[in-house]
Amino acid sequence: MRLTLALLLCFFVVLPLMADIIQIGDGTQINQGLPWEPVRTYSYSQQVFYASDINFLGYVTSVSFQYTVSSANYLATNQEIKIWLGHTPRTHLDSWTPLDSLTLCYDGVLTAADFSGALPGQGWLTIELVTPFLYNATDNLLIAVDENS
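Residues numbered from 1 in each chain as written. Predicted model: local features only at pLDDT ≥ 70, side-chain atom pairs only at ≥ 80, totals over all residues. Heavy atoms only, no water.

Further remarks concern the sheet that holds strand β1 (residues 43-49). Spatially, β1-β6-β3-β4 is the arrangement adopted by the four strands of the open sheet, whose pairing is antiparallel. The sheet is open, and its two edges are formed by β1 and β4 (103-109), each paired on a single side. Strand-to-strand twist in this sheet, taken as the mean axis angle between neighbours without regard to direction, amounts to 15 degrees. Sheet topology places strand β3 (residues 80-88) next to β4; six bridges connect them, and they run antiparallel. Across the sheet, E80 pairs through a bridge with V109, a residue of β4. (Pairing = 2+ DSSP bridges. Helix = DSSP H or I, 4+ residues; strand = E, 2+ residues; numbered from the N terminus. Axes fitted to C-alpha atoms, helices over the stretch in contact; angles between N-to-C directions.)

What follows is about the side chain of N140. Within the secondary structure layout, N140 lies in strand β6 (residues 140-147). Residue classification places N140 among the buried positions, given a relative accessible area of 9%. For N140, the side chain forms a polar contact with the main-chain nitrogen of A51, separated by 2.9 Å. Those residues in contact with N140, other than ones at most four positions away along the chain, are V48, F49, Y50, A51, G86, H87, T88, P89, R90, T91 and Y135. (Buried < 20%, exposed > 50% of the residue type's maximum accessible area, 1.4 Å probe, protein only. Polar contact = N/O pair within 3.5 Å; in protein donor to acceptor, adjacent residues only side chain to side chain. Contact = heavy atoms within 4.5 Å.)

Everything listed is a geometric property; what it means functionally is a separate question.
Below is the structure:
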(Lines give C-alpha, C1' and ligand atoms only; values in the text may rest on other atoms or scores of the structure.)
Protein backbone atom coordinates (compact mmCIF):
# COMPACT_ATOMS: atom_id res chain seq x y z
CA MET A 1 0.00 0.00 0.00
CA ARG A 2 2.80 2.42 0.89
CA LEU A 3 4.60 1.70 -2.38
CA THR A 4 1.41 2.37 -4.36
CA LEU A 5 0.88 5.63 -2.47
CA ALA A 6 4.48 6.66 -3.05
CA LEU A 7 4.19 5.93 -6.77
CA LEU A 8 0.95 7.89 -7.02
CA LEU A 9 2.52 10.82 -5.20
CA CYS A 10 5.48 10.69 -7.55
CA PHE A 11 3.16 10.58 -10.56
CA PHE A 12 0.92 13.45 -9.46
CA VAL A 13 3.42 15.67 -7.63
CA VAL A 14 6.90 15.16 -9.09
CA LEU A 15 6.15 14.53 -12.78
CA PRO A 16 4.26 17.82 -13.29
CA LEU A 17 7.32 19.61 -11.87
CA MET A 18 9.72 18.12 -14.43
CA ALA A 19 11.57 20.60 -16.63
CA ASP A 20 10.32 21.80 -19.96
CA ILE A 21 11.73 24.36 -22.36
CA ILE A 22 9.45 27.38 -22.50
CA GLN A 23 10.20 29.87 -25.27
CA ILE A 24 8.65 33.30 -24.98
CA GLY A 25 8.50 35.08 -28.31
CA ASP A 26 8.96 33.63 -31.76
CA GLY A 27 12.73 34.04 -32.06
CA THR A 28 12.50 36.36 -35.05
CA GLN A 29 13.67 39.57 -33.37
CA ILE A 30 17.04 40.65 -34.75
CA ASN A 31 19.87 42.68 -33.23
CA GLN A 32 18.83 41.52 -29.79
CA GLY A 33 21.01 42.43 -26.85
CA LEU A 34 21.12 40.86 -23.43
CA PRO A 35 19.37 42.18 -20.31
CA TRP A 36 22.38 44.25 -19.29
CA GLU A 37 24.24 47.11 -20.92
CA PRO A 38 27.66 45.91 -22.16
CA VAL A 39 29.31 49.34 -22.35
CA ARG A 40 28.61 50.17 -18.70
CA THR A 41 30.73 49.03 -15.78
CA TYR A 42 27.64 47.95 -13.85
CA SER A 43 24.20 47.18 -15.24
CA TYR A 44 20.90 46.10 -13.72
CA SER A 45 17.54 45.20 -15.25
CA GLN A 46 14.23 43.62 -14.36
CA GLN A 47 11.84 41.94 -16.77
CA VAL A 48 8.32 40.60 -16.37
CA PHE A 49 7.22 37.45 -18.20
CA TYR A 50 3.49 36.77 -18.27
CA ALA A 51 2.09 33.60 -16.75
CA SER A 52 -0.02 33.13 -19.90
CA ASP A 53 3.18 33.01 -21.98
CA ILE A 54 4.92 30.58 -19.63
CA ASN A 55 1.96 28.26 -18.99
CA PHE A 56 4.04 25.89 -16.87
CA LEU A 57 4.07 24.83 -13.22
CA GLY A 58 7.41 23.67 -11.93
CA TYR A 59 11.05 24.45 -11.35
CA VAL A 60 12.91 26.99 -13.46
CA THR A 61 16.40 25.46 -13.70
CA SER A 62 17.92 27.72 -16.35
CA VAL A 63 17.21 30.91 -18.26
CA SER A 64 18.21 31.64 -21.83
CA PHE A 65 18.40 34.88 -23.73
CA GLN A 66 18.68 35.21 -27.49
CA TYR A 67 21.55 37.56 -28.32
CA THR A 68 23.49 39.39 -30.99
CA VAL A 69 26.97 40.38 -29.80
CA SER A 70 29.20 42.47 -32.06
CA SER A 71 32.35 42.73 -29.93
CA ALA A 72 35.09 40.13 -29.52
CA ASN A 73 35.76 41.66 -26.08
CA TYR A 74 32.19 41.20 -24.86
CA LEU A 75 32.76 38.22 -22.58
CA ALA A 76 35.90 39.67 -21.00
CA THR A 77 33.95 42.69 -19.72
CA ASN A 78 30.53 41.11 -19.03
CA GLN A 79 31.08 38.00 -16.92
CA GLU A 80 29.95 38.55 -13.33
CA ILE A 81 26.21 37.90 -13.25
CA LYS A 82 23.60 37.63 -10.53
CA ILE A 83 20.06 36.53 -11.34
CA TRP A 84 17.03 36.74 -9.07
CA LEU A 85 13.58 35.28 -9.81
CA GLY A 86 10.28 35.98 -8.17
CA HIS A 87 6.52 35.97 -8.53
CA THR A 88 4.72 39.23 -9.25
CA PRO A 89 1.17 40.34 -10.02
CA ARG A 90 2.65 43.28 -11.96
CA THR A 91 2.26 43.40 -15.75
CA HIS A 92 4.76 46.19 -16.34
CA LEU A 93 7.52 47.84 -14.35
CA ASP A 94 7.40 51.52 -13.48
CA SER A 95 9.70 50.99 -10.48
CA TRP A 96 12.09 48.33 -9.22
CA THR A 97 10.84 45.34 -7.28
CA PRO A 98 12.96 45.09 -4.10
CA LEU A 99 15.57 42.32 -4.26
CA ASP A 100 14.65 41.06 -0.79
CA SER A 101 11.32 39.92 -2.26
CA LEU A 102 13.10 37.85 -4.94
CA THR A 103 15.18 34.66 -4.79
CA LEU A 104 18.86 34.77 -5.75
CA CYS A 105 19.18 31.85 -8.17
CA TYR A 106 22.57 32.49 -9.80
CA ASP A 107 25.73 34.27 -8.69
CA GLY A 108 28.59 33.35 -10.96
CA VAL A 109 30.86 34.02 -13.89
CA LEU A 110 29.82 33.40 -17.48
CA THR A 111 32.08 31.42 -19.80
CA ALA A 112 32.18 31.00 -23.57
CA ALA A 113 30.47 27.60 -23.09
CA ASP A 114 27.31 29.40 -21.89
CA PHE A 115 26.89 30.92 -25.38
CA SER A 116 25.54 28.70 -28.15
CA GLY A 117 27.55 30.48 -30.85
CA ALA A 118 30.93 32.06 -31.18
CA LEU A 119 31.49 35.59 -29.92
CA PRO A 120 31.01 37.91 -31.64
CA GLY A 121 27.91 36.44 -33.18
CA GLN A 122 24.30 35.42 -32.56
CA GLY A 123 22.72 32.64 -30.59
CA TRP A 124 21.41 31.76 -27.16
CA LEU A 125 23.03 32.48 -23.82
CA THR A 126 21.89 29.78 -21.39
CA ILE A 127 22.57 30.18 -17.68
CA GLU A 128 22.04 27.13 -15.46
CA LEU A 129 20.63 28.33 -12.15
CA VAL A 130 22.45 27.22 -9.01
CA THR A 131 19.18 27.48 -7.07
CA PRO A 132 16.15 26.29 -9.08
CA PHE A 133 13.07 28.48 -8.68
CA LEU A 134 9.65 26.91 -8.10
CA TYR A 135 7.32 28.81 -10.43
CA ASN A 136 3.65 28.73 -9.42
CA ALA A 137 2.12 29.19 -12.93
CA THR A 138 -0.32 31.75 -11.51
CA ASP A 139 1.69 34.94 -11.05
CA ASN A 140 3.87 36.59 -13.64
CA LEU A 141 7.58 35.76 -13.42
CA LEU A 142 10.02 38.56 -12.64
CA ILE A 143 13.68 38.13 -13.58
CA ALA A 144 16.29 40.58 -12.29
CA VAL A 145 19.80 40.56 -13.75
CA ASP A 146 22.83 42.34 -12.30
CA GLU A 147 26.16 42.49 -14.16
CA ASN A 148 29.21 43.70 -12.21
CA SER A 149 32.37 43.13 -14.25
